[in-house]
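Understanding the architecture of this molecule
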Amino acid sequence: MWRATGILTSVSTEWDPDRYLRFAAERRLPYEDLVAMVEPAPDMRVADLGCGPGALTADLATRFDARSVLGIDASDTMLAKAAKHASTRVRFERGDLRSHPWGDGYDLVFSNAALHWLPDHDRVWERLRAALSPRGQLAVQMPANFEQPTHTIAAQLAGESPFAEALGGRRAGAAVDDPEAYAVRLHDLGFRRQVVRQAVYLHVLPGPEAALEWVRGSMLTWYRTQLGDALFERFEAEYATRLLAALPDRRPLPFTYRRILMWASLATEG
């Protein structure tokens with residue numbers, strides 16, 4: 001299990017949707033695998049937690065011919081991008097996933113690459129369970145790549161001066177448990193069927209610089225928000241130097257990314 005010191009306790013960081021979507025095809029692969037785990041049902045009500053720029057939220061509505069899909073995200077910039085995907089069946093709300101009153105009675109609570117930002121997964125999963133209908137399903141995908149150089153170098157650098165003083169011991173990241181812990185948690189919450197698996201995705205990138213660009217669109221966003229432009233410029237420059245030295249200079253570069261995917265149903269059968 002990987003646990004950051006001084007984990008991220010808010011998801012209010014403003015994202016750059018265009019930078020995030022530069023690797024849209026690669027980021028979509030685990031989404032497709034997660035969708036394939038869901039059992040379609042008629043007239044589904046769906047909640048998409050951490051909906052980001054909204055294209056996948058709209059895809060859920062089409063894929064399952066859902067009655068309604070509610071996308072929730074804390075980023076105004078992401079929601080501005082998502083607005084173009086709103087329809088009679090798809091709507092979006094701004095909210096912190098730790099506390100937003102998203103309601104209950106959902107046939108599917110879905111979250112793709114968002115819940116790893118939140119601490120206290122016991123409490124988070126209790127909220128997910130409470131949002132479901134009696135036969136509801138839960139589908140969650142989270143990165144679990146925190147022991148790779150892209151993340152360990154940032155955490156190390158965040159503990160050094162002058163960044164440590166500005167960050168107060170905080171790091172970007174989350175507390176992501178081992179897959180076995182999620183299996184037990186789902187059982188204890190009353191789910192009757194479940195699949196929890198860890199998968200490694202291989203993304204063939206042009207070179208090490210592309211791996212740097214990958215984290216600029218995700219993990220480094222938090223550091224930019226916390227440090228401010230001037231200090232983040234120094235942070236990013238040193239981070240880039242260390243990361244490019246740590247990664248093999250291969251072109252193309254096989255870039256591996258580990259993720260946890262889980263599906264669970266309260267029903268004994270589909």
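Right above here is the structure, for reference.
Here's what I pulled together on the structure shown here. Once a new chain begins, its residue numbering starts again from 1 and follows that chain's sequence as written. Only residues with pLDDT of at least 70 are given local features in this predicted model, and only at 80 or more are side-chain atom pairs given and counted; all residues enter the totals for whole chains, interfaces and linings. Side-chain measures were taken over the full set of non-hydrogen atoms in the model, leaving aside hydrogen atoms and water.

A closer look at the packing of helix α6 (residues 149–158) against helix α10 (residues 219–246)
Here is the rule we go by: Inter-axis angles, ranging from 0 to 180 degrees, are taken between N-to-C directions of lines fitted to C-alpha atoms, where helices are fitted over the stretch in contact. Helix numbering and strand numbering both begin at the N terminus, where a helix is a DSSP run of H or I of at least 4 residues and a strand a DSSP run of E of at least 2. Any angle that falls under 35 degrees is termed roughly parallel, while one over 145 is termed roughly antiparallel, one within 65 to 115 roughly perpendicular, and all others oblique. A clockwise turn of the near helix away from the far one marks a right-handed crossing, whereas an anticlockwise turn of less than a right angle marks a left-handed crossing. Any two residues whose heavy atoms approach within 4.5 Å at even a single point are treated as in contact. When residues are grouped by polarity, Ala, Val, Leu, Ile, Met, Phe, Trp, Tyr, Cys and Pro land in nonpolar, Asp, Glu, Lys and Arg in charged, and all others, Gly among them, in polar.
Axis separation between α6 and α10 bottoms out at 9 Å; the angle between their running directions is 120°. Classified by the angle their axes make, α6 and α10 are oblique. Considering the relative orientation of α6 and α10, their crossing is right-handed. Taken together, the residues of α10 that come into contact with α6 (itself represented by P149, T150, H151, I153, A154, A155, Q156, L157 and A158) are M219, Y223, F235, E238, Y239, R242, L243 and A246. In terms of residue class, the contact of α6 with α10 is made up of twelve nonpolar, three polar and two charged.

Here we look at helix α8 (residues 179–188)
What counts is decided by this rule: The buried label goes to any residue with under 20% of its type's maximum accessible area, the exposed label to any with over 50%, and the partly exposed label to all in between, with areas taken from a 1.4 Å probe on protein chains only. When we speak of the arc, we mean the arc of directions from the helix axis to the C-beta atoms.
If you check which residues of α8 are buried, you get P179, Y182, R185 and L186. On an axial view of α8, the arc spanned by its buried residues comes to 115°, and they lie on one face. Of the residues in α8, the exposed ones pointing more than 90 degrees away from the buried face are E180, H187 and D188. Phi turns positive, to about 95°, at G190, one or two residues after α8.

Some points on the sheet that holds strand β2 (residues 45–49)
Note the threshold: Pairs of strands are assigned from DSSP output, requiring at least two bridges between the strands.
The strand order β4-β3-β2-β5-β6-β9-β8 describes an open sheet built from seven strands, whose pairing is mixed. Every other strand in the sheet has two partners, leaving β4 (90–94) and β8 (193–205) as the edge strands with one partner each. Across the sheet, the axes of successive neighbouring strands diverge by a mean angle of 15°, strand direction being ignored. Both strand β3 (residues 68–73) and β4 contribute to a ladder of five bridges, which runs parallel. Of the residues in β4, the one forming a bridge with L70 is R91.

This is a description of form; function is not addressed.
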